[in-house]
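# Observations on the three-dimensional arrangement
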Amino acid sequence: MNFKKILFKTLKIMGITIGSILLLMFLLPILFPKTITKKIKQLANNSINGQLNFSGTSLSFFKRFPELTLTLEDFTLKGSEPFQQDTLIAAKDISFAVDLTSLLQSKIKISKVYLSKAFINIEVDSAGHGNYSVYKSQPPAEQSKADTGAASLGIEEIVIEKSHLVYDDASIPTQIDARNFNYRGSGDFTKNIFDLKSHVEIAEADFTYDNQQYVVNRTVNADLVTSINTKSLAFAVQKNDLMINKLPVKFVGRFGFIKDGYDMDFKFTSHQTNLGDIFTALPPSYAKWVTGTEVKGTGEAQVELTGQYIASKNIHPDFSFSMKARNGYISNNHTPSPVQDLYLDMAMKVPHLNPDSLSLSIDSLHFRIDQDYYTSKFS
């Protein structure tokens, strides 16, 4: 009997608790929509220097359960000067996760940002001016005053889903086109120096440098850890694992903004991978060489880009590429016999990205065709 009473009392308490939670989930969006929407708009006006528009708003626990999210529908944001007429972000909707504890205070805190089915268009002109400079920096006193009674950004996570990202930098010149782009990044964005942990999935990615396509329709999967210094605008890539088509790549390096340009030191390395997987990541102009070709064996490849880029002074970074092949086997439909037992150590350098200064060194090259052996070394 006592057990039945305890069980009944426990179920009653659980029922009241769950019912109260469900009731609050329905009532909070009804009680606070105007307050939250107003403060989000205040935050946008105080923080963003660009034309922002949206067709409507909604507040719900159920769009991204169990978070209370404010959603701006048909969201568009124009870029900063000199790109005021160009779209920086256009999305079916953008959602902000609201910290529930902040509802009891005078200031609404946004902890997460979600972008869905967005078009993100990042542009940089030849002088290095970017359309992404839409954030208004304010003196601490003014910022504190503006935040009073409004919303604040305590962002811990940014999520981008099923989107299209375009990066067009005329100062380098480089273009990146990422289709079906999915991104999840977490870190303490309120700090001047923080680690950003990211996961990136791209169904189709194109990369073009100086009007030459190096990557076309490649799939990319990446887990990244990047140290970011917002004061010096420096990025240190610490631990990153990428998958470009079938090629696994380790990526480390740093990137920093300097006067009139950039300072960089990037290294992409693929260790002890299938030799055929290396060819799946080749630029289109080279990939056609292996059409109808069977490739076996193991290989290593490394790409480095190091130095400063200052367009006005004609300063460019150094580029280098090295590759090793072991136990290689290459068979093509147009050759009578395959290349077997391929052993290769080669390195290529292009100082200051100047093709006239290109140097190629093949330390070792051995292979066999039928019973004939070939051995060479040159630079």
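Only a predicted model underlies this, so the values are computations on that prediction, with no experimental measurement involved. (Residues numbered from 1 in each chain as written. Predicted model: local features only at pLDDT ≥ 70, side-chain atom pairs only at ≥ 80, totals over all residues. Heavy atoms only, no water.)

Another point: the overall build of the protein chain. Counting its secondary structure elements, the protein chain contains five helices and 17 strands. In the protein chain, buried positions account for 37% of the 379 residues. The long-range share in the protein chain, meaning contacts at least 24 apart out of those at least 6 apart in sequence, stands at 53%. Element-wise, carbon and sulfur atoms account for 57% of the exposed surface of the protein chain, whose accessible area totals about 22100 Å². (Helix = DSSP H or I, 4+ residues; strand = E, 2+ residues; numbered from the N terminus. Buried < 20%, exposed > 50% of the residue type's maximum accessible area, 1.4 Å probe, protein only. Contact = heavy atoms within 4.5 Å. Areas by Shrake-Rupley, 256 points an atom, 1.4 Å probe, with all protein chains shown as cover.)

Here the focus is the packing of aromatic side chains. With the rule as written, the count across this model stands at seven aromatic pairs. Aromatic side chains Phe251 and Phe268 sit 4.4 Å apart centroid to centroid with 5° between the ring planes, which places their arrangement in the stacked category. Taken together, the residues span a long stretch of sequence, with Phe251 in strand β11 (residues 247-258) and Phe268 in strand β12 (residues 261-274) at a distance of 17 residues. Under the relative-accessibility criterion, Phe268 is labelled partly exposed at 28%. (Phe/Tyr/Trp six-rings, centres within 6.5 Å; stacked < 30°, edge-to-face > 60°.)

In this section: the side chain of Asp345. On the secondary structure map, Asp345 appears in strand β15 (residues 339-350). A polar side-chain atom of Asp345 sits 3.0 Å from a polar atom in the side chain of Arg326. In this structure Asp345 touches Met323, Lys324, Arg326, Ser361, Ile362, Asp363 and Ser364, once residues within four positions along its chain are discounted. (Polar contact = N/O pair within 3.5 Å; in protein donor to acceptor, adjacent residues only side chain to side chain.)

Turning our eyes to something else, we now look at the confidence of the model for the protein chain. The share of residues in the protein chain with pLDDT of 70 or more is 75%, and the mean pLDDT across the chain is 79. Within the protein chain, the lowest mean pLDDT, 49, falls on helix α3 (residues 140-147), and the highest, 93, falls on strand β7 (residues 174-186). Confidence over residues 17-27 falls short of pLDDT 50; this stretch has six contacts with residues more than four positions distant or in other chains. Counting interchain partners and residues more than four positions distant, the pLDDT-below-50 stretch residues 146-150 has 11 contacts. (pLDDT = per-residue confidence, 0-100.)

On to the pattern of salt bridges, then. Here the structure, examined in full by the defined rule, presents 10 salt bridges. Notably, a salt bridge pairs Arg184 with Glu157, separated by 3.0 Å at the nearest N-O pair. In this pair, Arg184 sits in strand β7 while Glu157 sits in strand β6 (residues 151-169), placing the two residues 27 residues apart along the sequence. Residue Glu157 is classed as buried on the basis of its relative accessible area of 13%. The closest approach of N and O atoms between Arg368 and Asp341, which form a salt bridge, is 3.0 Å. Taken together, the positions of Arg368 in strand β16 (residues 359-369) and Asp341 in strand β15 put the pair 27 residues apart, joining distant regions of the chain. (Salt bridge = Lys/Arg side-chain N within 4 Å of Asp/Glu carboxyl O.)

This part is about the environment of Val166. Position of Val166 among the secondary structure elements: in strand β6. Residue classification places Val166 among the buried positions, given a relative accessible area of 18%. C-alpha separation for the pair Val166 and Ile120, spaced 46 residues apart in sequence, amounts to 6.2 Å. Look past the residues within four positions of Val166 in its chain and what remains in contact with it is Phe119, Ile120, Asn121, Ile122, Ile176 and Asp177.

For the peptide bond that leads from Glu81 to Pro82, omega is 0°, which places it in the cis range. For Pro82, the location among the structural elements is in the loop between β3 (67-78) and β4 (87-98). Residues other than glycine seldom take positive phi values, yet Lys162 does so here, at roughly 50°. Among the secondary structure elements, Lys162 is positioned in strand β6. Owing to a relative accessible area of 57%, Lys162 belongs among the exposed residues under this scheme. Even without being glycine, Asn314 reaches a positive phi, approximately 55°. With respect to the helices, strands and loops of the structure, Asn314 is situated in the loop between β13 (293-309) and β14 (318-332). A relative accessible area of 59% places Asn314 in the exposed class.

Checked against the element boundaries, Thr69 lands in strand β3. Distance in space between the C-alpha atoms of Thr69 and Val98 is 5.9 Å, their sequence separation being 29 residues.

What follows covers the nonpolar core. By size, the foremost hydrophobic cluster in this structure holds 58 residues, and its most contacted members are Ile94, Leu115, Phe181, Ile202 and Tyr262. Leave out the neighbours within four places in its chain, and Ile202 touches Ala178, Arg179, Asn180, Phe181, Arg218, Thr219 and Val220. (Core = buried A, V, L, I, M, F, W, Y, C linked by side-chain atoms within 4.5 Å.)

Here we take up a nonpolar patch on the surface. A contiguous nonpolar surface patch, about 260 Å² in accessible area, is contributed by Leu358, Leu360 and Phe378. Position of Leu360 among the secondary structure elements: in strand β16. Overall, Leu360 belongs to the partly exposed group, its relative accessible area being 36%. (Patch = residues over 30% accessible without salt bridge, like charges linked within 9 Å, V, L, I, M, F, W, Y side chains within 5 Å.)

The next thing to look at is the pairing of β12. Here β11 runs beside β12; their pairing, made up of nine bridges, is antiparallel. Following the sheet pairing, Phe255 is matched in β12 by Met264. Between β11 and β12, which follow one another and run antiparallel, lie two residues, and Asp260 among them has a positive phi close to 70°. Of the strand pairs in this sheet, β12 and β13 are connected by 11 bridges, and their pairing is antiparallel. Its bridge partner lying in β13, Asp263 is registered against Gln308. (Pairing = 2+ DSSP bridges.)

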